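Architecture at a glance
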Amino acid sequence: MSEIATRARHRCFGGSLSFHTHRSGETGTDMRFGVFTPPQADRGPVPALFYLAGLECNEETFLIKAGAIRLAAELGLMLVAPDTSPRGAAIPGEEDDWDLGTGAGFYVDATAAPWNKAYRMYSYVSRELPALIEANFPALGDRRGIFGHSMGGHGALVVALRQPERWQSVSAFAPISNPVAVPWGLKAFSSYLGPDSSPSLWAAYDASLLMAQRRHPGPILVDQGLADKFLETQLLPETLEAAAKAGGQDLTLRRHEGYDHSYWFIQSFVADHLRWHARALA
Ligand SMILES: N[C@@H](CCC(=O)N[C@@H](CS)C(=O)NCC(=O)O)C(=O)O
């Protein structure tokens, strides 16, 4: 397992907020992540809640902008925030677009060249990073939650639906619910997974297609702003809702008048998500 370098550490709400870098075996690059360790961890391991951020974000975005730390400290939840892609993988064009390459890993394991040499974010966030956290931080290995926003909401749903035994709780803010059917997903999947939209590969990373066939044993919470400019073109929560109904998934999809796609929206509802996870992980 790789060495972890600590770039910064701050006392925060009685716990510790720290930012780290390590060499990832999955991506072959240095990867960054942030961790909030709550004060309860002084007395023994605590549940860990992983947050997957959206396009153009990094490991700092959620911890700085979501206003989640005060309540995580009260609830005794560790927060783990990975970066959204490898960086500096030396792949031609990786810096050219904001919705592909750097900052846009989409939490898939790329199978198509040249991306497949580094863009293995599914395995990174669902296997490598949890193992690294559980070996180096006071995190319980059998109480994991996952949530995220937009591209990261898609990632959280896919990870939990594909590995329900490893993730006891899952929720999302404004997830890309049906990536195979929208421009962001089509662009990312055709680059990372190859242009052949063969049902098996693409569908394995589409929350709505997965949910029509399999259930997470726990209930799923999704919040969506109705003034989100990506709602009708990129997010399609109604597809997720229909899939949940067809597959018997317990899904609470809340629609909020006037809220957009930003962290002001996330800040407004993050407490509900933290409590939701804390209950499931208790
Ligand atoms: N650059 C995009 C927007 C990208 C965007 O909205 N990113 C979302 C995730 S999909 C985000 O969380 N951005 C960071 C922030 O709002 O602080 C645009 O042209 O509209």
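Calculation criteria
Each chain has its residues counted from 1, running along the sequence as written. Note on the predicted model: pLDDT of at least 70 is required for a residue's local features to be given, and 80 or more for side-chain atom pairs to be given and counted; whole-chain, interface and lining totals, by contrast, use all residues. Here the side-chain values reflect all heavy atoms present in the structure, with hydrogen atoms and water set aside. UniProt positions are given in the numbering used here, feature names are shortened, and annotations may be inferred rather than shown by experiment. Each helix is a run of DSSP H or I of at least 4 residues and each strand a run of E of at least 2, with the numbering of both proceeding from the N terminus. The contact definition used throughout considers only heavy atoms, calling two residues in contact when any of these lie within 4.5 Å. Paired strands, as defined in this entry, are two strands with at least two bridges between them according to DSSP. Only the stretch in contact is used when fitting a helix axis, every axis being a line fitted to C-alpha atoms; angles between N-to-C directions are given from 0 to 180 degrees.

- The name recorded for the protein chain in an unreviewed UniProt entry is S-formylglutathione hydrolase, from Telmatospirillum siberiense.
- A UniProt comment under Function (unreviewed entry) is attached to the protein chain, and it reads "Serine hydrolase involved in the detoxification of formaldehyde."
- In its Catalytic activity (unreviewed entry) section, the UniProt entry covering the protein chain states "S-formylglutathione + H2O = formate + glutathione + H(+)".

**Structural notes on the UniProt feature "active site" (unreviewed entry) in the protein chain**
- UniProt's feature table lists "active site" (unreviewed entry) at Ser-150, Asp-228 and His-261, given in the numbering used throughout. Of the residues just listed, which span 112 residues, no C-alpha pair is farther apart than 10.8 Å, and they cluster in one region.
- You can see Ser-150 is positioned in the loop between strand S6 (139-149) and helix H4 (151-162).
- Once residues lying within four places of it in the same chain are set aside, the contact partners of Ser-150 are Phe-173, Ala-174, Pro-175, Ile-176, Trp-184, Leu-235 and His-261.
- With respect to the helices and strands, the residue His-261 is situated in the loop between strand S9 (251-256) and helix H10 (263-281).

**Examining the sheet that holds strand S2 (residues 15-23)**
- With respect to topology, nine strands assemble into an open sheet ordered S1-S2-S3-S5-S4-S6-S7-S8-S9, the strand pairing being mixed. The outermost strands of the open sheet, each flanked by one partner alone, are strand S1 (4-12) and S9. Between one strand and the next, the sheet's axes are offset by a mean angle of 20 degrees, whatever the strand orientation.
- Alignment of S6 against strand S7 (residues 169-173), held across five bridges, turns out to be parallel. Bridging from a neighbouring strand, His-149 pairs with Phe-173 of S7.
- Sitting on the sheet, helix H3 (residues 121-136) is in contact with S1, S2, strand S3 (30-37), strand S4 (46-52), strand S5 (78-82) and S6, with an inclination near 50 degrees to S3.

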